[in-house]
Amino acid sequence: MFRALSRLSTAGFRSLARTRTGYSAPLASRCYSHGKVETDEEFDSRWVTYFSKPDIDAWELRKGMNTLIGYDLVPEPKILDSALRACRRLNDLASAIRILEAVKDKAGPHKDIYPYVIQELKPTLTELGISTPEELGIDKL
């Protein structure tokens, strides 16, 4: 039994030790993605649909916002509008304030983005009775 094993291992070793001179490797090419590229409108529509689900729960809301904030972008006001409306359906004021804080943080050094987003969301914030972090005074903490 050991003799058969040693023959197999020796034969296996010899096959590994042989070099194949007739084989040349192809040049490396990288194909990162073959999928369809999503347009900005499709991206916005996908997230508006996600937050507009009538049966969304608090976990899905937080999961969606964490994923959205993880992207290298500041969400469009229409996406934030549907997220804030989802917060209102769930009676979750804290999440609504956190969304606004996250948008301010994502805007970073670009001081004109956050005021624009607040300007666009002002009618929704007024309708839903949501105050901005600045109105609450928690932006100075």
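Not measured: the values here are computed from a predicted model.

(A) Local environment of the overall build of the chain. Along its length, the chain carries 7 helices and 0 strands. For the chain, the N- to C-terminal ordering of α and β elements is α-α-α-α-α-α-α. Looking at the chain residue by residue over its 141 residues, the buried ones come to 27%. Residue pairs in contact within the chain that sit at least 24 positions apart in sequence constitute 62% of those at least 6 positions apart.

(B) Inspection of the pattern of salt bridges at higher detail. This structure, assessed with the given rule, holds 8 salt bridges. The residue Asp44 makes a salt bridge to Lys78 at a minimum N-O spacing of 3.8 Å. Taken together, the residues span a long stretch of sequence, with Asp44 in helix α2 (residues 40-51) and Lys78 in helix α4 (residues 77-89) at a distance of 34 residues. The buried category is assigned to Asp44, whose relative accessible area is 10%. Lys53 is the salt-bridge partner of Glu60, the closest N and O atoms lying 3.5 Å from each other. Here the salt bridges share partners, and the residues they tie into one network are Asp81, Arg85 and Glu127.

(C) Focus on the environment of Ala94. Mapped onto the elements, Ala94 comes out in helix α5 (residues 93-107). It is 9.9 Å that separates the C-alpha atoms of Ala94 and Ile130, two residues lying 36 residues apart in sequence.

(D) Structural view of α5. Across its 15 residues, α5 extends 22 Å between first and last C-alpha, which sits within 8% of the 21 Å expected from 1.5 Å per residue. When α5 is considered as a whole, its buried residues turn out to be Ser95, Ala96, Ile97, Ile99, Leu100, Ala102, Val103 and Ala107. Packing partners of the buried residues in α5 comprise α3 (58-70), α4, α6 (113-128) and α7 (133-136). One or two steps after α5, the chain reaches Gly108, where phi turns positive at roughly 55°.

Cut-offs used in this document
Residues numbered from 1 in each chain as written. Predicted model: local features only at pLDDT ≥ 70, side-chain atom pairs only at ≥ 80, totals over all residues. Heavy atoms only, no water. Helix = DSSP H or I, 4+ residues; strand = E, 2+ residues; numbered from the N terminus. Buried < 20%, exposed > 50% of the residue type's maximum accessible area, 1.4 Å probe, protein only. Contact = heavy atoms within 4.5 Å. Salt bridge = Lys/Arg side-chain N within 4 Å of Asp/Glu carboxyl O. Expected span 1.5 Å × (residues − 1).

These results come straight from atomic positions and should not be treated as a statement about function.
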